[in-house]
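Per-entry structural report
Residue-level listing of the chains:
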Amino acid sequence: AQKITQTQPGMFVQEKEAVTLDCTYDTSDPSYGLFWYKQPSSGEMIFLIYQGSYDQQNATEGRYSLNFQKARKSANLVISASQLGDSAMYFCAMREIIRTGANSKLTFGKGITLSVRP
Amino acid sequence: GAGVSQSPSNKVTEKGKDVELRCDPISGHTALYWYRQRLGQGLEFLIYFQGNSAPDKSGLPSDRFSAERTGESVSTLTIQRTQQEDSAVYLCASSPPANEQFFGPGTRLTVL
C-alpha cells in the first residue's frame, strides 16, 4: 500500500521569499510517480509538478522545484519568490507505475495550508 | 479546449435519498477517476476507469456507491440511500495515458 505523509501545520511565508513544503512517502512499488497539486479556496485542483522515481534530476517547473531524496523517501516542494496568489492548500500525491504508458490511481496526503504575507 | 466538467456543482439531499453525480472528461482522455474530499482533508480514491478494461472499484466505501462509464465518455457516480457521512466534495479527473490527472471543479454534496 502507498502512503503520503504531510505533517506540517499551516505554513506562512513572506511575499518574494522561498518556502519548502514537506512530503514523505512510503511504498513497496519499485516504480512510482510523485505529484504536487495546488488547491486554492475556489476548490479546483491544479497540477504543479511531477517527479518519476527513476528520474535522474529533480523536476523543475517555473518557480516550482521538487527536492527528491529517494533514499529518505521524501519529495519536498520548493516554491521560490512566493506570490500572494500562492496562498492555497498544497497536496502531495503518488501513483504506482505499473508499466510505461499505464495509468493508476493517485494516493494523496492530507495537505498543507500555505499563506503568503504581503 | 474544454476541461473536465461536473454537474451539478452543488447538491443538497435528504438522508436516505439516492443521488447521481455526472462527469464529462476531456475528449480523448482514456482514464477517468472519482475521488472524494471531506472538509479539510485530502482526496480519497473511489473508482478508476481505463478504456474498456474492468474498472478498479477498490476505493468504493460501501455497496451504496457505484459508478458507470460508457466507453471513453461521460461517467455517473451514484450514491444510494445517502447518509450524512457521505457529505463531501466529489471530484472527477481524467488523463491521457501515463500523464497527470486533470480535475473537474467538483460536486459539493450535502446530506441533511
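See the structure above.
To start, this report covers the structure provided alongside it. The shown structure was predicted, so the numbers you read here are calculated from the model rather than taken from an experiment.

Each helix and strand counted, chain A has zero helices and 12 strands in total. Taken from the N to the C terminus, the helices and strands of chain A come in the order β-β-β-β-β-β-β-β-β-β-β-β. Relative to the compact-globule value of 13 Å for 118 residues, chain A shows a C-alpha radius of gyration of 14 Å, a close match. Oriented by its inertia axes, the alpha-carbon framework of chain A measures out at about 45 × 25 × 25 Å. Every one of the 118 residues in chain A was classed for burial, and the buried ones make up 50%. Here the analysis covers contacts within chain A between residues at least 6 apart in sequence; of these, 56% occur between residues at least 24 apart. Within the structure as shown, chain A displays about 5,900 Å² of accessible surface, and the carbon and sulfur contribution to it stands at 49%. The average position of the 12 basic charges and that of the 10 acidic charges among the side chains of chain A differ by 4 Å.

This next bit is on the sheet that holds strand β3 (residues 19-24) of chain B. Residues and elements named next belong to chain B. Taken in spatial order, the four strands line up as β1-β3-β7-β6 in an open sheet, and their pairing is antiparallel. Of all the strands in the sheet, just β1 (5-7) and β6 (65-69) have a single pairing partner and so form its edges. Sheet twist, expressed as the mean angle between neighbouring strand axes with direction ignored, is 15°. As paired elements, β1 and β3 share three bridges and run antiparallel to each other. Looking at β3, one finds that Ser7 is bridged to Arg22.

Residue and element names in this part refer to chain A. Along the chain, Gln8 turns up in the loop between β1 (3-5) and β2 (11-14). Among the polar contacts listed, one links the side chain of Gln8 to the backbone oxygen of Thr20, at a separation of 3.5 Å. One polar contact links the side chain of Gln8 to the main-chain amide nitrogen of Asp22, over a distance of 2.7 Å. Those residues in contact with Gln8 that sit more than four places away from it in its chain are Thr20, Leu21, Asp22 and Ile112.

On to the layout of surface pockets. Roughly 480 Å³ of internal volume is contained in the largest pocket. Lining the largest pocket are 23 residues, and of these Gln39 and Gly43 of chain A together with Gln37, Val89 and Arg108 of chain B lie nearest its centre. Within the residue set of the lining of the largest pocket, elements represented by two or more residues are β8 (88-95) and β10 (107-111) of chain B. When residues of the lining of the largest pocket are assigned to their parent elements, the largest contribution, four residues, is made by β10 of chain B. Taken together, the residues that form the lining of the largest pocket break down as seven nonpolar, 13 polar and three charged.

Calculation criteria
Residues numbered from 1 in each chain as written. Chains lettered and ligands numbered in written order. Predicted model: local features only at pLDDT ≥ 70, side-chain atom pairs only at ≥ 80, totals over all residues. Heavy atoms only, no water. Helix = DSSP H or I, 4+ residues; strand = E, 2+ residues; numbered from the N terminus. Rg over C-alpha atoms; globule rule 2.2 N^0.38 Å. Buried < 20%, exposed > 50% of the residue type's maximum accessible area, 1.4 Å probe, protein only. Contact = heavy atoms within 4.5 Å. Areas by Shrake-Rupley, 256 points an atom, 1.4 Å probe, with all protein chains shown as cover. Lys, Arg positive; Asp, Glu negative; His and termini not counted. Charge placed at Lys NZ, Arg CZ, Asp CG, Glu CD. Pairing = 2+ DSSP bridges. Axes fitted to C-alpha atoms, helices over the stretch in contact; angles between N-to-C directions. Polar contact = N/O pair within 3.5 Å; in protein donor to acceptor, adjacent residues only side chain to side chain. 1 Å grid on protein atoms, 1.4 Å probe; cavity = no way out; pocket = protein on both sides within 12 Å on 5 of 7 lines; lining within 4 Å. Points joined across faces, edges and corners; volume = space filled by probe spheres on them. Nonpolar A, V, L, I, M, F, W, Y, C, P; charged D, E, K, R; others polar.

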